[in-house]
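Below, each chain spelled out in residue letters.
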Amino acid sequence: QVQLVESGGGLVQAGDSLRLSCAASGRTFSSYTMGWFRQAPGKEREFVAAINWSGGITYYADSVKGRFTISRDNAKNTVYLQMNSLKPEDTAVYYCAARRLWTSLTLSREYDYWGQGTQVTVSS
């Protein structure tokens, strides 16, 4: 069982940066693939980024590639999402999620555990 708690969201202006954190409980955190998803009002939840168990492999949605960076600190049971050059279209609730396998990374239904989400609002 893994419990996830996101933090770091807020209201920023276009071009600003934010760093989201996701703190995980459980001794097996380092064995999980971790992902970030987001959901804007009236839209489906969409994949943002994923990182493998060691942090050595990452994968990004095209919409955030070059602007967002996912990382993890297994000693702190925490995964991060550094978001730079934010745009109004990045406005959404951001969720972190965990799953065992490094497959089907973009499919939310394949993730086993989810946090409650943190709101990110980017004004123009």
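Procedures and definitions
Residues numbered from 1 in each chain as written. Predicted model: local features only at pLDDT ≥ 70, side-chain atom pairs only at ≥ 80, totals over all residues. Heavy atoms only, no water. Helix = DSSP H or I, 4+ residues; strand = E, 2+ residues; numbered from the N terminus. Rg over C-alpha atoms; globule rule 2.2 N^0.38 Å. Buried < 20%, exposed > 50% of the residue type's maximum accessible area, 1.4 Å probe, protein only. Contact = heavy atoms within 4.5 Å. Areas by Shrake-Rupley, 256 points an atom, 1.4 Å probe, with all protein chains shown as cover. Lys, Arg positive; Asp, Glu negative; His and termini not counted. Charge placed at Lys NZ, Arg CZ, Asp CG, Glu CD. Disulfide = S-S within 2.5 Å. Core = buried A, V, L, I, M, F, W, Y, C linked by side-chain atoms within 4.5 Å. Salt bridge = Lys/Arg side-chain N within 4 Å of Asp/Glu carboxyl O. Patch = residues over 30% accessible without salt bridge, like charges linked within 9 Å, V, L, I, M, F, W, Y side chains within 5 Å. Pairing = 2+ DSSP bridges. Axes fitted to C-alpha atoms, helices over the stretch in contact; angles between N-to-C directions.

Chemist: For this particular structure, what's the right way to read the overall build of the protein?
Modeler: Scanning the protein from terminus to terminus reveals zero helices and 11 strands. Put simply, the protein runs from its N terminus to its C terminus through helices and strands in the order β-β-β-β-β-β-β-β-β-β-β. For the protein, the C-alpha radius of gyration of 13 Å lies close to 14 Å, the compact-globule estimate for 124 residues. In terms of principal-axis extent, the alpha carbons of the protein reach across some 40 × 25 × 25 Å. When burial is assessed residue by residue, the protein has 43% of its 124 residues classed as buried. When contacts within the protein are restricted to residue pairs at least 6 apart in sequence, those whose partners lie at least 24 apart make up 59%. Summed over all atoms, the accessible surface of the protein reaches about 6300 Å², with 47% contributed by carbon and sulfur. With 13 positive and 10 negative side-chain charges, the protein shows a spacing of 5 Å between the two charge centroids.

Chemist: Sorry if this is basic, but what is going on with the state of the cysteines here?
Modeler: Any covalent bond linking the sulfur atoms of two cysteines counts as a disulfide. Counted according to the given criterion, the structure contains one disulfide. Covalently, Cys-22 is tied to Cys-96 through a disulfide, its sulfur atoms 1.9 Å apart. Here the disulfide of Cys-22 and Cys-96 is right-handed, its torsion about the S-S bond being about 50 degrees. Taken as a pair, Cys-22 in strand β3 (residues 18–24) and Cys-96 in strand β9 (residues 92–99) lie far apart in primary sequence, 74 residues in all. Residue classification places Cys-22 among the buried residues on the basis of a relative accessible area of 0%.

Chemist: Which parts of the structure should I look at to understand the nonpolar core?
Modeler: Looking at soluble globular proteins, one finds that nonpolar side chains tend to be buried together. Ranked by size, the top nonpolar core spans 37 residues in total, and within it Leu-4, Met-34, Trp-36, Leu-81, Met-83 and Tyr-94 carry the most contacts. Sorting the residues of this core by element identifies β3, β4 (33–39), β5 (46–51), β7 (68–73), β8 (78–83), β9 and β11 (118–123) as the ones contributing at least two each.

Chemist: How should I be thinking about the pattern of salt bridges in this particular structure?
Modeler: A pair can form between side chains of opposite charge whenever their charged atoms are brought close. On inspection of all chains with the given rule, the structure shows five salt bridges. Here Arg-109 ties to Glu-110 by a salt bridge, and the two come within 4.0 Å at their closest N and O atoms. Since its relative accessible area comes to 68%, Arg-109 is described here as exposed.

Chemist: Even after reading the chapter, I still don't get a nonpolar patch on the surface, so can you show me in this structure?
Modeler: A surface patch of nonpolar side chains, about 280 Å² in accessible area, is lined by Ile-57, Tyr-59 and Trp-102. Structurally, Ile-57 can be placed in the loop between β5 and β6 (58–60).

Chemist: Looking at this structure, I do not really get the sheet that holds strand β1 (residues 4–7). What am I missing?
Modeler: Strand pairing in a sheet relies on backbone hydrogen bonds, with the paired strands running either antiparallel or parallel. Within the open sheet, the four strands sit side by side as β1-β3-β8-β7. Their pairing is antiparallel. With one partner strand each, in any of the chains shown, β1 and β7 form the two edges of the open sheet. In this sheet, adjacent strand axes meet at a mean angle of 15 degrees when their direction is disregarded. As paired elements, β7 and β8 share six bridges and run antiparallel to each other. Directly across from Ser-71, in β8, lies its bridge partner Tyr-80.

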